[in-house]
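Residue-level structural notes
As a plain string of letters, each chain reads:
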Amino acid sequence: MFADSFKEKAKLKALTDEDLILRVAQGENGAFDILVDRFKLRLFNYVFRMVGNRDDAEELTQEAFVKAYIHAGKYKTIAKFSTWLYTIATNLVRNRIRAKKRRPQVMSLWSRGNDSEDAEKQLDLIDPGRQPDSRSNDRELSEVIHDAIGKIPEKYRTSFVLREINQLSYEEIAAATGLKLGTVRSRINRARNYFRKIVEPLLERGVDF
Amino acid sequence: MRCRRAKALIFDFIDGMINDRDRAALEEHLGVCQACEKQASGLSRSLDLLHRITPEQPDENFAWKVRLRLAKERNATSDAAASERRWVRSWNFRFAMSAASALVVVIATGYFVSLSEFRPGGGLPLAHKETIHKPLDTTTPVVVHRGSARGPVLVSGGDVRNRGESGLLKEDSVPRLDRNALTQRYLKSKAAAYRIRKLEQQVDVLQTQLRKCEVGDK
């Protein structure tokens, strides 16, 4: 019996994402477990870079998978499963960010107002006191980069993270965000400039990560 | 090449989406324009930094937490569905009871109105109405209601006329029954009307016998 379930699981692992979600729609929970395994890292990183803290990122990522399971019957194979999943996550992230905006007394990790184009003028460079020294480890680099990403305005940040962190194509990003291709390219390029301006002081000081 | 064009091509270069001709033109421009070269260099290094970070790992029990969340969602959905079904059933029941009650009231009202001597506009349909021009007194008009039964029996004012009877009884010589109260009470059904008719026939018989007795005494 164990061998049978092992074989069954091996068969499922060989399936594409699209085939797996179709099986989930038919009630096959094993297929769902495999999809969670495949996408949890990518989805969590996307959501984490968007909302800024682990607790929210965990919660929203779980919710995205739950919604994908519940609405598996609505998935259409015209789009990639990953695109569909990112769409669900993007909507959840947007709703959470809007909810946080409505409650200004709640401290957000992204404590600076950075959701408008005027944020460029208000960009705070990374605190020199926080600059890692020449023996910076990966952890400190991650924190610095994470802070820098948080300073990018939210409407540019979505496309930027999907492109630079999750390595999605422009077409996939356009499908996930509901934006036109030209708008996606434009927002990504603007976000890159924001990011460059934030990180450049570190690079100019010759800090070696 | 102008700086504006060069800055746009820098992004295509970063994405690997530049053709050979544009690449050559861009490289030539960057060789002579320090501002564009600085921007290109800064972009390239900052993105390189970004790509070096280690991905954040979710909690090690992530998959289990997703299943738990899913189970809670299912329970909540089934509870909500059950609650909604109970709510709908209760409203269906209430609606059905209200509709049934309203229907009973309408039917009863219609029936009573059809049998009632009091009608808007002054009384029964004209075809069934006959006026006796001998009121008991000046203030009490007498109306015979024929109704749909064979025998007309319901009378307001105290007089009775049966089909086939030759005339009215003499009121002064016969004890009068309170037919108004009787009529109102027994207006509910044809059976009640029939019973009234039968009773009145008996009354007539008795009155006839009484008359005979009186005649015999004289």
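Computed from a prediction, not measured in an experiment: that's the story for all the values here.

1. Some words on the overall build of chain B
The secondary structure content of chain B amounts to 6 helices and 3 strands. Listed by position from the N terminus, the elements making up chain B come as α-α-α-α-β-β-β-α-α. Residues counted as buried form 27% of the 218 residues belonging to chain B. Long-range pairs, those at least 24 residues apart, make up 42% of the contacts in chain B between residues at least 6 apart in sequence. Surface accessibility of chain B: about 15400 Å² in total, with carbon and sulfur atoms responsible for 56%.

2. Let's talk about the side chain of E172 of chain A
Mapped onto the fold, E172 of chain A is located in helix α8 (residues 170-177). In this structure, E172 of chain A is in contact with K80, S82 and T83 of chain A, ignoring residues within four places of it in sequence.

3. Considering the confidence of the model for chain B
All names here are of chain B. Of the residues in chain B, 63% have a pLDDT of 70 or more, and the chain-wide mean is 73. Within chain B, helix α2 (residues 20-32) carries the highest mean pLDDT (93), whereas strand β3 (residues 154-156) carries the lowest (44). Low pLDDT, under 50, characterises residues 122-136; the stretch is placed with 36 contacts to residues that sit more than four places away or in other chains. Under a pLDDT of 50 for its full length, residues 140-172 has, in the predicted model, 89 contacts with residues more than four places off or in other chains. Both scores are available for the predicted complex, with the pTM at 0.61 and the ipTM at 0.77.

4. Concerning the nonpolar core
Membership of the largest hydrophobic core comes to 64 residues, with the highest contact counts inside it found for F65, F160 and F195 of chain A. Element by element, the count of residues in this core is highest for helix α3 (residues 29-51) of chain A, at 13 residues. Not counting residues within four places of it along the chain, the set of residues in contact with F160 of chain A comprises I149, I152, I165, I188, A191, R192 and F195 of chain A together with L47 and L50 of chain B. Counting residues in each nonpolar core, the second largest holds 11 residues, with I10, F11, L30 and C33 of chain B among its members.

5. Some thoughts on the interface of chain B and chain A
The partner chain A presents 43 residues to the 32 residues of chain B that form the contact. With both sides pooled, the region where chain B packs onto chain A buries about 3600 Å², and carbon together with sulfur makes up 60% of that total. The largest per-residue losses of area from chain B upon contact with chain A belong to E56, F62 and R69 of chain B, which jointly make up 20% of the total buried on that side. Inspection of the region where chain B meets chain A yields 6 salt bridges. Measuring nitrogen to oxygen at the nearest pair gives 2.6 Å for the salt bridge that ties D15 of chain B to R192 of chain A. For the side of chain B that touches chain A, the elements supplying multiple residues, two or more each, are α1 (3-15), α3 (34-52) and α4 (62-115) of chain B. A per-element tally of the side of chain B that touches chain A places α3 of chain B first, with 11 residues.

6. Focus: the pattern of salt bridges
Residue and element names in this part refer to chain A. One pass over the structure, following the stated rule, counts 18 salt bridges over all chains. Of the charged contacts, one joins E58 and R54 as a salt bridge, the two residues approaching to 3.8 Å between their closest N and O atoms. In this pair, E58 and R54 both sit in helix α4 (residues 54-70), 4 residues apart, roughly one turn of the helix. For R54, a relative accessible area of 31% puts it in the partly exposed group. For D56, the salt bridge is made with R96, and the minimal N-O distance between the two is 3.2 Å. Placement of D56 in helix α4 and of R96 in helix α5 (residues 81-102) is noted, with a sequence separation of 40 residues between them.

7. Notes on the confidence of the model for chain A
All names here are of chain A. Within chain A, residue pLDDT values average 83, and 79% of them lie at 70 or more. Per-element mean pLDDT across chain A ranges from 76 in helix α1 (residues 2-13) up to 95 in α4. In the predicted structure, residues 111-135 sits below a pLDDT of 50 and forms 49 contacts with residues beyond four places in sequence or in another chain.

8. Considering α4 of chain A
Here α4 of chain A contains 17 residues, and its C-alpha end-to-end distance of 24 Å stays within 8% of the 24 Å for a straight helix at 1.5 Å per residue. Within α4 of chain A, burial applies to D56, A57, E58, L60, T61, Q62, A64, F65, V66, A68 and Y69 of chain A.

9. Some remarks on the packing of helix α6 (residues 138-151) of chain A against α3 of chain B
Between α6 of chain A and α3 of chain B, the shortest axis-to-axis distance is 9 Å and the interhelical angle comes to 120°. As far as their axial angle goes, α3 of chain B and α6 of chain A are oblique. The crossing of α6 of chain A and α3 of chain B is left-handed. Where α6 of chain A approaches α3 of chain B, its residues D138, L141, I145 and I149 of chain A are matched on the opposing element by L49, L50 and R52 of chain B. Taken together, the residues of the contact of α6 of chain A with α3 of chain B sort by class into 5 nonpolar, no polar and 2 charged.

10. Quick word on α3 of chain A
The largest bend along α3 of chain A measures about 50° and falls at F39 of chain A. Positive backbone phi, at 95°, marks G52 of chain A, one or two positions downstream of α3 of chain A.

11. Section: unusual backbone geometry
Residue and element names in this part refer to chain A. Although it is not a glycine, Q167 adopts a positive phi angle of roughly 60°. Counting through the fold element by element, Q167 comes out in the loop between α7 (154-164) and α8. Its relative accessible area of 54% is what places Q167 among the exposed residues.

12. Digging into the packing of aromatic side chains
Residues and elements named next belong to chain A. Under the definition given, this model contains 11 aromatic pairs over all chains. Taking the centre distance of 5.2 Å and the plane angle of 70° together, the rings of F39 and F81 count as edge-to-face. In this pair, F39 is assigned in helix α3 and F81 in helix α5, connecting sequence segments 42 residues apart. Note on F39: relative accessible area 2%, which makes it buried. Judged by relative accessible area, which is 1%, F81 ranks as buried.

Reading guide: rules and limits
- Sequence order sets the numbering: in each chain, residues are counted from 1 along the sequence as written.
- Lettering of chains starts at A and numbering of ligands starts at 1, both following the order in which they are written.
- Predicted model: local features are reported for residues with pLDDT of at least 70 only, side-chain atom pairs are reported and counted for 80 or more only, and whole-chain, interface and lining totals are derived from all residues.
- For side-chain calculations, the full set of non-hydrogen atoms in the structure is used, while hydrogens and water are omitted.
- To qualify as a helix, a DSSP run of H or I must reach at least 4 residues; to qualify as a strand, a run of E must reach at least 2; elements of each kind are numbered from the N terminus.
- For every residue, the accessible area (1.4 Å probe, protein chains only) is compared with the maximum for its type, and the residue is labelled buried under 20%, exposed over 50%, or partly exposed between those bounds.
- Note on contacts: a residue pair qualifies if any of its non-hydrogen atoms lie within 4.5 Å across the two residues.
- For the area figures, the Shrake-Rupley method with a 1.4 Å probe applies, and any residue is considered shielded solely by the protein chains shown.
- For every residue, the predictor assigns a confidence score, pLDDT, that lies between 0 and 100.
- Residues belong to a common nonpolar core when they are buried Ala, Val, Leu, Ile, Met, Phe, Trp, Tyr or Cys residues joined through side-chain atoms within 4.5 Å.
- We define buried area as the total accessible area lost by two parts upon association, computed with a 1.4 Å probe and summed across both.
- The term salt bridge refers to a side-chain nitrogen of Lys or Arg lying within 4 Å of a carboxyl oxygen of Asp or Glu.
- Every helix has an expected span of 1.5 Å times one less than the residues it contains.
- All axes here are fitted lines through C-alpha atoms, helices being fitted over the stretch that makes contact, and every angle between N-to-C directions spans 0 to 180 degrees.
- To sort the angles, those under 35 degrees are grouped as roughly parallel, those over 145 as roughly antiparallel, those from 65 to 115 as roughly perpendicular, and the leftovers as oblique.
- Two helices that cross are described as forming a left-handed crossing if the nearer one is turned anticlockwise from the farther one by less than a right angle, and a right-handed crossing if clockwise.
- Any residue outside Ala, Val, Leu, Ile, Met, Phe, Trp, Tyr, Cys, Pro, Asp, Glu, Lys and Arg is labelled polar, Gly included; the first ten of those are nonpolar and the last four are charged.
- Bend at a residue means the angle formed by two fitted axes: the first through the 7 residues ending at that position, the second through the 7 residues beginning there.
- Note on aromatic pairs: the rings of Phe, Tyr and Trp (six-membered ring only in Trp) are paired at centre separations within 6.5 Å, and the planes decide the class, stacked below 30 degrees, edge-to-face beyond 60, tilted for the rest.

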